[in-house]
Amino acid sequence: MPARTSTMKKTAARLALPALALALPASLALAGPGQAAAQPSPVRTATVPAAAGAGAPLDDPYEKDIAMRLVSSAENSTLDWRGQFRYIEPYPDGRGYTGGIIGFTSGTGDMLELVERYTKKKPDNPLAKYLPALRKVNGSDSHAGLGKPFEEAWRKAADEDKAFRDAQEAERDRVYFDPSVKQAKADGLRTLGQFVYYDAIVMHGPGDGKDSFGGIRKAALAKAKPPAQGGDEKAYLDAFLDARKKVMKKEEAHQDTSRVDTAQRVFLNEGNFDLRPPLKWKVYGESYRIDK
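Asker: Explain the pairing of strand β7 (residues 286-290) here, please?
Answerer: The side chains of a regular strand alternate between the sheet's two faces. The alternating pattern of β7 places E286, Y288 and I290 on a buried face and S287 and R289 on a face that is not buried. Relative to β7, strand β6 (residues 279-283) runs antiparallel, the two sharing five bridges. Note that in β7 the partner of W281 across the bridge is Y288. Hairpin connection between β6 and β7: a loop of two residues separates the two successive antiparallel strands, and Y284 in this loop has a positive phi of roughly 55°.

Asker: Is there a simple way to think about the packing of aromatic side chains in this case?
Answerer: Where two aromatic rings form a pair, the distance of their centres and the angle of their planes describe that pair. For the structure shown, the criterion picks out 12 aromatic pairs. For the pair Y97 and F150, a centre-to-centre distance of 5.3 Å together with 75° between the ring planes defines the contact as edge-to-face. Of this pair, Y97 sits in the loop between β3 (88-89) and β4 (98-99) while F150 sits in helix α5 (residues 147-160); the two residues are 53 residues apart in sequence, bridging distant segments of the chain. The same class applies to Y97 and to F150, which are both buried. Residues F267 and W281 carry aromatic rings whose centres are separated by 6.2 Å and whose planes lie at 70° to one another, so their mutual orientation is edge-to-face. Residue F267 is found in helix α10 (residues 258-269), and its partner W281 is found in strand β6; the two are separated by 14 residues along the sequence. You'll find F267 and W281 in the same group, each marked buried. Counting every residue linked through ring pairs, the aromatic cluster contains Y97, Y118, Y130, F150, W154 and F164. Over the ring of F177 we find K64; its NZ or CZ atom is 4.6 Å from the centre of that ring.

Asker: How do you make sense of empty space enclosed by the protein when you look at a structure like this?
Answerer: Over the atoms a probe the size of a water molecule is rolled, and this reveals where empty space is left. Throughout the structure, instances matching the rule amount to one cavity of 30 Å³ or more. In this model, the largest cavity occupies a volume close to 60 Å³. As for the largest cavity, its lining consists of L70, S73, A74, F195, D199, R259, A263, Q264, F267, W281 and V283. Elements represented by at least two residues in the lining of the largest cavity include exactly α2 (61-75), α7 (191-204), α10 and β6.

What counts as what
Residues numbered from 1 in each chain as written. Predicted model: local features only at pLDDT ≥ 70, side-chain atom pairs only at ≥ 80, totals over all residues. Heavy atoms only, no water. Buried < 20%, exposed > 50% of the residue type's maximum accessible area, 1.4 Å probe, protein only. Helix = DSSP H or I, 4+ residues; strand = E, 2+ residues; numbered from the N terminus. Pairing = 2+ DSSP bridges. Phe/Tyr/Trp six-rings, centres within 6.5 Å; stacked < 30°, edge-to-face > 60°. Lys NZ or Arg CZ within 6 Å of the ring centre and 35° of its normal. 1 Å grid on protein atoms, 1.4 Å probe; cavity = no way out; pocket = protein on both sides within 12 Å on 5 of 7 lines; lining within 4 Å. Points joined across faces, edges and corners; volume = space filled by probe spheres on them.

Okay, here's the thing in structure tokens:
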């Protein structure tokens, strides 16, 4: 099965989103091309995580929000990750449709699992009738049985049904966030290392194949020991990022490695193992920042 998602820049469809009523503090706003730094990033809920203490793990609500913004800068070219629930497009990367807050894809199974979860919770939903088509296209880049009506149903569900937004967050956590953070903690990695693992599993998918998250970790372990085994944390994370870049360069859609080179490696070289703001980074040449 191909890697789960593409790292190519996806801006047009994802940024064509309606404004939402509530906002995060301006200190977390995007400062990049085409965005006014003083404008807050819109969110769907008035509840904003309080700032975490130094050394808080990635599953702390505040740090998790930062992690989602960092991933969104690479996957969506925006820090407004909550604006991506309704994102859906037939992205030309060999994985069929890509949609939602973490880039669920129809060709790799996680979009099917998402809609199945949503339908189990709420059988009478706009996407339920597309389950047969999603099962048929799984493992391919086909859009058969989907198309514009499917896209409209996805947006309708995201805009009108909290259950669908909740399902997206739950599937993100079950498949990607929770397993990667658990493994990072077991390896003795602090918040930055936990994020490095999470971003890798988002792109490459779980599993033990050589081009998956498990394969990348195995390659890193062959070069350096993680802190849990008495190794140096920076040396190990350097080895992990090196191994990941080798995998990324194997696929045309992953040739741009800036999410490693000008983002994660920057934090690592700064010694910011707790992933504490202010954070400044670049992806695809565009600059972003999260201020304290």
